[in-house]
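Coordinate analysis (summary)
For reference, the chains in residue letters:
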Amino acid sequence: MRLEVARFASSGEGVGRLDGAWVGVPGAIPGERVTVRREGKRVVLCSVDEASPDRVAPRCPVVDRCGGCAWQHVAPARQMEARVELLRRALPPSLREVLVATVASPDP
């Protein structure tokens, strides 16, 4: 099954619509077109058919087996943007436009 990833979930998964429902896709980035399959209630990424320019090679050699670093395939600058966006979504509407200061890690 194919879908387009619309946004990030707070977990770092990409989120897109599949059969009329929003689903999380681990390893996907907003703007990507991906092929997925269902495994019970989970959706598994099979292939990235159109990659985001924000996709990078993960630095950790066991990232696909460990599951502890959900953001390693996302460029550091896009990670920061996504986290600020997630913070804004979590705030009450009256506070969503407040200035959010960010500090990038010196070592991605």
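Refer to the preceding data block for the structure.
Residues numbered from 1 in each chain as written. Predicted model: local features only at pLDDT ≥ 70, side-chain atom pairs only at ≥ 80, totals over all residues. Heavy atoms only, no water.

Attention now goes to the packing of aromatic side chains. Geometrically, a pair of aromatic rings is defined through the distance of the ring centres and the angle of the planes. A full pass over the atoms with the stated rule returns one aromatic pair. The ring of Trp 22 has Arg 7 lying over it, and the distance from NZ or CZ to the ring centre is 5.6 Å. Above the plane of the ring of Trp 71 lies Arg 83, whose end atom (NZ or CZ) is 4.6 Å from the centre. (Phe/Tyr/Trp six-rings, centres within 6.5 Å; stacked < 30°, edge-to-face > 60°. Lys NZ or Arg CZ within 6 Å of the ring centre and 35° of its normal.)

A word on the pattern of salt bridges. Tallied over the entire structure, the rule returns nine salt bridges. Across the pair Asp 49 and Arg 2 runs a salt bridge whose closest N-O atoms are separated by 3.2 Å. One end of the pair, Asp 49, is in strand E5 (residues 42-50); the other, Arg 2, is in strand E1 (residues 2-8), with 47 residues separating them in the sequence. Overall, the relative accessible area of 34% leaves Asp 49 in the partly exposed class. Residue class for Arg 2 comes out exposed when judged on its relative accessible area of 55%. In this structure, Arg 33 engages Glu 4 in a salt bridge whose closest nitrogen and oxygen atoms are separated by 3.2 Å. With Arg 33 in strand E4 (residues 33-39) and Glu 4 in strand E1, this pair connects stretches of sequence that are 29 residues apart. Of the residues examined, Arg 33 reaches a relative accessible area of 35% and is grouped as partly exposed. Taken together, the shared-partner salt bridges in this structure form one network comprising Glu 4, Arg 33 and Glu 50. (Salt bridge = Lys/Arg side-chain N within 4 Å of Asp/Glu carboxyl O. Helix = DSSP H or I, 4+ residues; strand = E, 2+ residues; numbered from the N terminus. Buried < 20%, exposed > 50% of the residue type's maximum accessible area, 1.4 Å probe, protein only.)

In a regular helix each residue adds 1.5 Å, so 15 residues correspond to 21 Å; helix H2 (residues 76-90) covers 21 Å between its end C-alpha atoms and thus fits that length. By the burial criterion, the buried members of H2 are Arg 78, Gln 79, Ala 82, Val 84 and Leu 86. (Expected span 1.5 Å × (residues − 1).)

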